[in-house]
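Here are the chains, one letter per residue:
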Amino acid sequence: MTPSAEMLSVENVTAGYGDATVLFDASFSVREREIVAIVGANGAGKTTLLSTIVGLVQARTGRISFRGRDITRRAAHLLPGDGLALVPEGGRLFPFMTVEENLLLGAYSPDSRTKRKERLQEMMELFPILGERRALAAGKLSGGERQMCAIARALMSHPVLIMLDEPSVGLSPLMVERVFTMVETLAREKGLTIVLVEQNVTEALEVSDRAYVLDHGHVVRGGEAAILRNDREIQETYMGL
Amino acid sequence: MADLANIVAVGILLGGIYALVSVGLNLIFGVIRIVNFAQGEFVMLGMYGTYAAYTFLRVDPYLALVVVLPGLFLFGAIVQRLILAPLRTEPTMQIFATFGLLMLLENVVLALTRGTAYSVTSVVAQTSIGIGGVQVGLVRLVALAAATGVAVALGLFLKHSMLGRAIRAVAQDRSAARLVGVNVDRIYMLTFGIGAALAGLAGCLLTPIYTLSPQIGTSFILPAFAVVVLGGLGSVLGAYIGGFIVGLTEAFAGYYLDPALKHAVLFAVFIAVLIVRPSGLFGQVGAEEVGLRDQS
């Protein structure tokens, strides 16, 4: 794969829950080693978009492909093994299991399972705080620790693409800064491709290469983050400037 | 004093039986969040399976485990796949379905046996030993030992194996479990199968103790509900300890109050615990909310 090769592509996807349609004809793409931000207001359909990509919600129309392979109908539990990981909003850790058990479960897919011990060690080095908390129930972690643990759990499957759903929500400004720094580290040093879903538009546009704007289930804008950052309309609507 | 020792012994032995019957029920509830009303009938099937092996294959009732355990595991997995899985979006209907299964199994066995009561005997069944001046039947001691073994083994399996962790992950957050790569549908089948196999184990070990009847399942399921609520829904250790609480409560109430009142006392305690501590005495506080949380 060449450095600019397309890694994830979402084409004309419509999805929703029951009678409600949340996502309308959404299209976007992510190239290898990019950080792509998806921004938009609360209820714009950002989480639904991620859920549809990983198969927790079924796309009604459209096509999703990952590394050239159609994954539109692929079962959710097979995707970590394919190299696609999602860090859900709030982390969704297993609250009554320890930090260590949460991480071990991150390596559940068959290819990762045999390497779970080494990877656990790697994660403890990457996130020293998790090493200190390894025997603590995940439900007792602070907000920032929980987010770090959720990111580490996703990394346990050695993904090539990691998608983060509102990783900064509910965190203190200091922790927000750390989370965004971690996102940049993962992309620039570890060579991961990242999809970053955020309401914190200012920060998201600063760390990302490209971005898409989601509004009421429609992808209304897309382009270089640097350009969107200086766009008058986006500044007024999303950045409070 | 001898009376007291006797009552405690009776209570603990009864508790062992209740614990054995309840562990599978609690595992199923904890993971799949289904109250399996047919669990008592699974025990009943285990008993009839044991009787069949004893009669037709001429093997010791305990040896029938070799057939009954895998048989019930398969039966449970098939029931989950064919009856419960299609109803996965309607949890209330799943509960009605298990109730329907209860009636179905009871009536099928009633029709097959034409109401004849069966019993089996074994060398073990006629042996009793004295412990501190109290005579206890060996079959009941075996049931107690098995309940202890099952609680320990299941606890270790859930705690330390990757499959056990996956089962707990599904119990705590099934969407998150999917996201880390757990095949939730398969875990449901497996868990229901294990729960049914544990009922089969109970049935097998209880065959030398009770006279078989198609309705016997119902007499197990009511105390089992008390056990899981007292011990904590979804907790293996809770089902084990809850068994003894129920057994001892029954034994003491039966002796000091009136044998006819023992179940009334038991269920009064049951309701009181439910009000004071809905998660049970050994359940994880908050676990009930987690399980019932809206999950896509």
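This text gives an overview of the structure that appears in the document. (Residues numbered from 1 in each chain as written. Chains lettered and ligands numbered in written order. Predicted model: local features only at pLDDT ≥ 70, side-chain atom pairs only at ≥ 80, totals over all residues.)

**Some remarks on the overall build of chain B**
No. 1: Looking only at helices and strands, chain B features 12 helices and 2 strands.
No. 2: Written out in order from the N terminus, the α and β elements of chain B read α-α-α-α-β-β-α-α-α-α-α-α-α-α.
No. 3: What you see for chain B is a C-alpha radius of gyration of 19 Å, in line with the 19 Å of a compact globule of 296 residues.
No. 4: Dimensions of chain B, computed from C-alpha atoms along their principal axes, come out at roughly 55 × 45 × 35 Å.
No. 5: Residue burial in chain B is summarised as follows: out of 296 residues, 51% are buried.
No. 6: Nonlocal contacts in chain B, meaning residues at least 24 apart in sequence, comprise 77% of its contacts between residues at least 6 apart. (Helix = DSSP H or I, 4+ residues; strand = E, 2+ residues; numbered from the N terminus. Rg over C-alpha atoms; globule rule 2.2 N^0.38 Å. Buried ≥ 20, exposed ≤ 12 C-beta atoms within 10 Å, placed from the backbone. Contact = placed C-beta atoms within 7 Å.)

**A closer look at the sheet that holds strand 5 (residues 69-70) of chain A**
Within a sheet, neighbouring strands are paired by backbone hydrogen bonds and run either parallel or antiparallel to one another.
Residue and element names in this part refer to chain A.
No. 1: The 4 strands lie next to each other as 2-1-4-5, forming an open sheet whose pairing is antiparallel. Strands at the two margins of the open sheet, each flanked by one partner only, are strand 2 (20-31) and strand 5.
No. 2: In this sheet, strand 4 (residues 61-66) lies alongside strand 1 (residues 6-17) in antiparallel orientation, the contact comprising 5 bridges. Following the sheet pairing, glutamate 11 is matched in strand 4 by arginine 63.
No. 3: Helix 1 (residues 46-53) contacts strand 1, strand 2 and strand 4 of the sheet and is inclined by roughly 70 degrees relative to strand 2. (Pairing = 2+ DSSP bridges. Axes fitted to C-alpha atoms, helices over the stretch in contact; angles between N-to-C directions.)

**Digging into the packing of helix 10 (residues 236-257) of chain B against helix 11 (residues 262-276) of chain B**
All names here are of chain B.
No. 1: Where helix 10 contacts helix 11, the two axes come as close as 8 Å, and the packing angle between them is 135 degrees. When the axis of helix 10 is compared with that of helix 11, the two are oblique. Classified by chirality, the crossing of helix 11 by helix 10 is right-handed. The residues of helix 11 that touch helix 10, namely those facing Val246, Thr249, Glu250, Ala253, Gly254 and Leu257, are Lys262, Val265, Leu266 and Val269.
No. 2: In the contact of helix 10 with helix 11, the residues fall into 6 nonpolar, 2 polar and 2 charged. (Parallel < 35°, antiparallel > 145°, perpendicular 65-115°, else oblique. Left-handed = near helix turned anticlockwise from the far one by under 90°. Nonpolar A, V, L, I, M, F, W, Y, C, P; charged D, E, K, R; others polar.)

**Considering the interface of chain B and chain A**
No. 1: Taken together, the contact between chain B and chain A spans 19 residues of the former and 24 residues of the latter.
No. 2: For the side of chain B that touches chain A, the elements supplying multiple residues, two or more each, are helix 6 (162-172), helix 7 (174-179) and helix 12 (287-292) of chain B.
No. 3: The leading source of residues in the side of chain B that touches chain A is helix 6 of chain B, at 6 residues.
No. 4: Within the side of chain B that touches chain A, the residues separate by chemical class into 9 nonpolar, 6 polar and 4 charged.

**Some thoughts on the pairing of strand 6 (residues 84-87) of chain A**
Residues and elements named next belong to chain A.
No. 1: Here strand 6 shows a buried face lined by Leu84 and Leu86 and a second buried face lined by Ala85 and Val87.
No. 2: Relative to strand 7 (residues 161-165), strand 6 runs parallel, the two being bridged by 4 bridges. Bridge pairing in strand 7 places leucine 86 opposite methionine 163.

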